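A structural walkthrough
Letter by letter, the chains look like this.
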Amino acid sequence: ILEALRGEIPNLVSATLERACNLSCSHCLFQDEHSSFKASRQARVAQIVENLVRQIPTVEESSRHAPPAFLDDGRILRQWHFELFDKIRAARPDVAIGIIDNGTYTNFLNEFKKRGLRLDALNISLDSMEESHDAQRDPIKKRAYRDAVHGLEHGREVVKPYVKGGRVSSLMTLTCVNYHDAGDVADFLFSQNPHQSAKNPESGERFSYADELVLSTMNPLYEADFNRNVGPHDLEISKEQLAESWRQIRQAIVKHPERKITLRIYRNA
């Protein structure tokens, strides 16, 4: 496998454009720290990313025959990111642009409209229903769930239409706090989004909050995450709890056959 990988040309550039996040999720690497903008500017991150994106192979050139893409994998959007997105679009209009966000990208809805920017992919972190979602955050920041839902409500406004390849996805990290909410999260995400029900007239367009649900266990690379406590429990999901999540995921797949539900297991304690 390693030998085969050496012969592959990557079709994705993934960059953490902002190291900080305002929600301080207990299970997440990104915390409420000082913005990394100055460090990014000093390191010329924008220019480096643009240069890398220019080098991504086209679909025809790729050994994987996969479309080229760029992903901003921080958790919060900043004003200077738009300038980079514009440069990527100008240099490589064939490159799909996606972001991972906590929902607060909605602070820039007017910026999206002004620039005429439509993303190819928007990934919103929604870790469970409101009680469990906020339980994994800083107690004084109980707006986290509302921010995430607000982001999902407006997702179709900043993403290309579904029939043109645009996708709104929701990311859920399974922990001992939210493992029992997998089914409810799927039902919510795939229900009709009333905020969008009268918009997006393109034929075949979807009006749900999301097109896809991606669930994952906690990444073991960040060992400090496993030492944080929420109440009397460690955050990491147990085998028994994962079994319950898996039961609900299977039910959701049957209940929502036209939707994509993915489970990624990084670690099973």
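Within every chain, residues take consecutive numbers counted from 1 along the sequence as written. Only residues with pLDDT of 70 or above have their local features reported here, since the model is predicted, and side-chain atom pairs are shown and tallied only from 80 upward, although totals for entire chains, interfaces and linings are computed over all residues. Side-chain metrics in this entry use all non-hydrogen atoms of the structure; hydrogen atoms and water are not considered.

1. Concerning the environment of Thr104
- What counts as a helix is a DSSP run of H or I of at least four residues, what counts as a strand is a run of E of at least two, and both are numbered from the N terminus. Topologically, Thr104 is positioned in the loop between strand E3 (96-101) and helix H5 (109-115).
- Sequence separation between Thr104 and Leu77 is 27 residues; the distance between their C-alpha atoms is 7.5 Å.

2. So, the packing of helix H3 (residues 45-55) against helix H4 (residues 79-91)
- Where H3 contacts H4, the axes come no closer than 10 Å and their chain directions differ by 25°. Classified by the angle their axes make, H3 and H4 are roughly parallel. The chirality of how H3 crosses H4 is right-handed. Here H3 contributes Ala46, Val49, Glu50, Val53 and Arg54 to the contact with H4, which in turn contributes Trp80, Leu84, Lys87, Ile88 and Ala91.
- Partitioning the contact of H3 with H4 into residue classes produces seven nonpolar, no polar and three charged. Comment: axis = line fitted to C-alpha atoms, over the contacting stretch for helices; angle = value between 0 and 180 degrees taken between N-to-C directions. By definition in this entry, angles of less than 35 degrees are roughly parallel, angles greater than 145 are roughly antiparallel, angles of 65 to 115 are roughly perpendicular, and the rest are oblique. Each crossing is labelled by how the near helix is turned from the far one, with a counterclockwise turn of less than a right angle marking it left-handed and a clockwise turn marking it right-handed. The contact rule is simple, with two residues in contact once any of their heavy atoms fall within 4.5 Å. Amino acid classes used here: Ala, Val, Leu, Ile, Met, Phe, Trp, Tyr, Cys and Pro are nonpolar; Asp, Glu, Lys and Arg are charged; the rest, including Gly, are polar.

3. Comments concerning the packing of aromatic side chains
- Here a pair means two rings of Phe, Tyr or Trp (six-membered ring of Trp) with centres within 6.5 Å. Their orientation is stacked below 30 degrees between planes, edge-to-face above 60, and tilted elsewhere. One pass over the full model with this rule turns up six aromatic pairs.
- Summarising the aromatic geometry, the rings of Phe82 and Phe85 are spaced 6.2 Å apart at their centres and angled 70° between planes, so their arrangement reads as edge-to-face. Note that Phe82 and Phe85 are positioned in helix H4 at a spacing of three residues, about one turn of the helix.
- On the basis of relative accessibility, which here comes to 0%, the residue Phe85 falls in the buried class. The buried label goes to any residue with under 20% of its type's maximum accessible area, the exposed label to any with over 50%, and the partly exposed label to all in between, with areas taken from a 1.4 Å probe on protein chains only.

4. Thoughts on the nonpolar core
- To form a nonpolar core, buried Ala, Val, Leu, Ile, Met, Phe, Trp, Tyr and Cys residues must be joined to one another through side-chain atoms within 4.5 Å. Counting residues in each nonpolar core, the largest one holds 49 residues, and the members touching the most others are Val49, Phe70, Phe112, Leu126 and Leu189.
- Residue contacts for Val49: discarding those within four places in its chain leaves Val13, Ala15, Leu17, Phe70, Leu84 and Ile88.

5. Re the side chain of Asp72
- Mapping Asp72 onto the fold places it in strand E2 (residues 69-72).
- As used throughout, the charge tally considers Lys and Arg to be positive and Asp and Glu to be negative, leaving His and the chain termini uncounted. The term salt bridge refers to a side-chain nitrogen of Lys or Arg lying within 4 Å of a carboxyl oxygen of Asp or Glu. As a buried residue without a salt bridge, Asp72 has its nearest oppositely charged side chain in Arg75, at a separation of 7.5 Å.
- A 3.5 Å cut-off defines polar contacts: any pair of N or O atoms within that distance qualifies, except that in protein one atom must be a possible hydrogen donor and the other a possible acceptor, and neighbouring residues in sequence count only when both atoms are side-chain atoms. Within polar-contact distance, the side chain of Asp72 engages the side chain of His81 at 3.4 Å.
- Setting aside anything within four residues of it in sequence, one finds Asp72 in contact with Ala15, Leu17, Leu77, His81, Phe85, Gly98, Ile99 and Ile100.

6. Overview of unusual backbone geometry
- Even without a glycine there, the phi angle at Arg44 is positive, about 55°.
- Examined against the element boundaries, Arg44 turns out to sit in the loop between helix H2 (37-42) and H3.
- The exposure class assigned to Arg44 is partly exposed, which follows from its relative accessible area of 46%.

7. Details of the sheet that holds strand E1 (residues 12-15)
- With parallel pairing, seven strands are arranged side by side in an open sheet as E1-E2-E3-E4-E5-E6-E9. Both edges of this open sheet fall to E1 and strand E9 (260-264), since each of them pairs with a single strand only. Geometrically, the sheet is characterised by an average inter-axis angle of 15° between neighbouring strands, direction not taken into account.
- Two strands form a pair only when DSSP identifies at least two bridges running between them. Bridging between E1 and E2 involves four bridges; their strand directions are parallel. Bridge assignment links Leu12 to a residue of E2, and that residue is Ala69.

8. Regarding the pattern of salt bridges
- Enumeration according to the criterion identifies twelve salt bridges in this entry.
- Across the salt bridge formed by Lys255 and Asp187, the nearest N and O atoms sit 3.2 Å from each other. Taken together, the positions of Lys255 in helix H10 (residues 239-255) and Asp187 in helix H9 (residues 182-189) put the pair 68 residues apart, joining distant regions of the chain.
- Among the residues examined, Lys255 registers a relative accessible area of 55% and is labelled exposed.
- A residue is classified by how much of its surface remains accessible, and Asp187, at 26% relative accessible area, is partly exposed.
- Each of Asp86, Glu111, Lys114 and Arg115 takes part in one network of salt bridges that share partners.

9. A few points about the pairing of E3
- With five of its six residues buried, E3 lies for the most part within the structure.
- The sheet contact formed by E2 and E3 spans four bridges and is parallel. Note that in E3 the partner of Ala69 across the bridge is Ala96.
- Handedness rule for crossovers: strands pointing away from the viewer, path from the first strand over the helix to the second running clockwise, crossover right-handed. Remark: the E2/H4/E3 crossover connection has right-handed handedness.
- Regarding the hand of the β-α-β motif, the stretch spanning E3, H5 and strand E4 (residues 121-125) is right-handed.

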